[in-house]
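Below, each chain spelled out in residue letters.
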Amino acid sequence: MSAADTSSEFTGLLRSQRVWDTELPSFDPGAAPGEPLPLFVRWFAEAVAAGQTEPHTMSLATADADGLPDIRTVMLHGADAEGWSFATHTTSRKGRQLAARPYAALGFYWPAQGRQIRLRGPVTVAPVQEAQADLHARSTGALAAALVGHQSEVLPSYEELERASNAAWTHAEREPDAPVPTWTLYRLHPQEAEFFQGDTHRRHVRVNYRRTSGGWLKELLWP
């Protein structure tokens, strides 16, 4: 198959896709709370109730020392008055980027309800004790993966990963409280948070929160 045929086939497949082939919930922006956290918690619970797959995954965008952007999917570890939290090794690519530029953006997309949430703001590091407690509250597999380490480094062969992973699983099962010094819990403190409710007629509702010296400012945005 030629490149032109492949491109044409892909374009046809792409344009055949549809979004929100289901009834979407309504969203009254006038009833939105005065700050973003209560609305996030409510929407998260509604996403779970709607059967949204992996609603706790999110896109994390950072920038390197030169200001070049990067993005990946990570897991949300918590959301409270302290901020939205996630974890990684300080030696990983995102850990190094956050050390150089401690600012990030988060993106949630829950297609089951046509909703997305975007947050951005400065990122701080939680105390070591909290990071280790968070890690040890997770599964054996999560601890084993953290014990493997070397995240974002070049891997000489898959066989080496297998050997390291097997050893890490044995270590995690033998010592469920094993410390991982580079494992770090980060918290994003949003300066801005946007809640997007899709609409089948494309009259999308966008409520944006901006933190000001006097508290949160809530405003509507054109879709």
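Residues numbered from 1 in each chain as written. Predicted model: local features only at pLDDT ≥ 70, side-chain atom pairs only at ≥ 80, totals over all residues. Heavy atoms only, no water.

1. A word on the overall build of the protein chain
Next up, step 1: A count of helical and extended segments in the protein chain gives 6 helices and 10 strands.
Next up, step 2: Across its three principal directions, the C-alpha atoms of the protein chain cover 60 × 55 × 40 Å.
Next up, step 3: The burial tally for the protein chain puts 34% of its 223 residues in the buried class.
Next up, step 4: Expressed as a percentage of contacts within the protein chain between residues at least 6 apart in sequence, the contacts between residues at least 24 apart total 65%. (Helix = DSSP H or I, 4+ residues; strand = E, 2+ residues; numbered from the N terminus. Buried < 20%, exposed > 50% of the residue type's maximum accessible area, 1.4 Å probe, protein only. Contact = heavy atoms within 4.5 Å.)

2. Side note on unusual backbone geometry
Next up, step 1: Positive phi is not limited to glycine here, since H150 has a value of about 60 degrees.
Next up, step 2: Note that H150 resides in the loop between α5 (140–148) and α6 (158–174).

3. Looking at the pattern of salt bridges
Next up, step 1: Scanning all chains against the criterion turns up 8 salt bridges.
Next up, step 2: A salt bridge links R187 to E130; its shortest N-O distance comes to 2.4 Å. In this pair, R187 is assigned in strand β7 (residues 183–188) and E130 in helix α4 (residues 128–136), connecting sequence segments 57 residues apart.
Next up, step 3: Of the residues examined, R187 reaches a relative accessible area of 14% and is grouped as buried.
Next up, step 4: We classify E130 as partly exposed; its relative accessible area is 35%. (Salt bridge = Lys/Arg side-chain N within 4 Å of Asp/Glu carboxyl O.)

4. Structural notes on a nonpolar patch on the surface
Next up, step 1: Taken together, the side chains of L155, Y158 and L161 present a nonpolar region at the surface, about 290 Å² in accessible area.
Next up, step 2: With respect to the secondary-structure elements, L155 resides in the loop between α5 and α6.
Next up, step 3: Under the relative-accessibility criterion, L155 is labelled partly exposed at 43%. (Patch = residues over 30% accessible without salt bridge, like charges linked within 9 Å, V, L, I, M, F, W, Y side chains within 5 Å. Areas by Shrake-Rupley, 256 points an atom, 1.4 Å probe, with all protein chains shown as cover.)

5. Let's talk about α4
Next up, step 1: Turning to α4, its buried residues are A131, Q132, D134 and L135. Burial along α4 is one-sided: seen end-on, the buried residues are contained in an arc of 160 degrees. (Arc of directions from axis to C-beta.)

6. Examining the pairing of strand β5 (residues 103–110)
Next up, step 1: Every second residue of β5 is oriented toward a common face, the buried set being A104, L106, F108 and W110 and the non-buried set Y103, A105, G107 and Y109.
Next up, step 2: Sheet analysis places strand β1 (residues 57–63) next to β5, joined by 3 bridges and oriented antiparallel. Its bridge partner being in β5, L60 is matched across the sheet by L106.
Next up, step 3: Relative to strand β6 (residues 115–125), β5 is paired through 8 bridges, and the arrangement is antiparallel. In the strand pairing of β6, Y109 is matched with Q116.
Next up, step 4: Connecting the antiparallel pair β5 and β6 is a turn made up of 4 residues, with G114 showing a positive phi of about 65 degrees. (Pairing = 2+ DSSP bridges.)

7. As for the packing of aromatic side chains
Next up, step 1: Evaluated as defined, the whole model comprises 12 aromatic pairs.
Next up, step 2: Taken together, a centroid distance of 5.1 Å and an interplanar angle of 65 degrees make the contact between F40 and F108 edge-to-face. Taken as a pair, F40 in helix α2 (residues 36–49) and F108 in strand β5 lie far apart in primary sequence, 68 residues in all. Note on accessibility: F40 and F108 belong to one class, buried. (Phe/Tyr/Trp six-rings, centres within 6.5 Å; stacked < 30°, edge-to-face > 60°.)

8. What about the environment of E173?
Next up, step 1: Of note, E173 is situated in helix α6.
Next up, step 2: E173 sits in the exposed class, given a relative accessible area of 55%.
Next up, step 3: The sequence separation of E173 and G141 amounts to 32 residues, and the corresponding C-alpha distance is 9.2 Å.

9. Regarding helix α3 (residues 93–100)
Next up, step 1: Among all positions of α3, only K94, G95, Q97 and L98 are buried. Summarising the axial view, the buried residues of α3 lie within an arc of 165 degrees, below the 170-degree limit, and thus occupy one face.
Next up, step 2: Those residues of α3 hidden inside the fold are in contact with β1, β2 (69–75), β4 (83–89), β5, β6 and β7.

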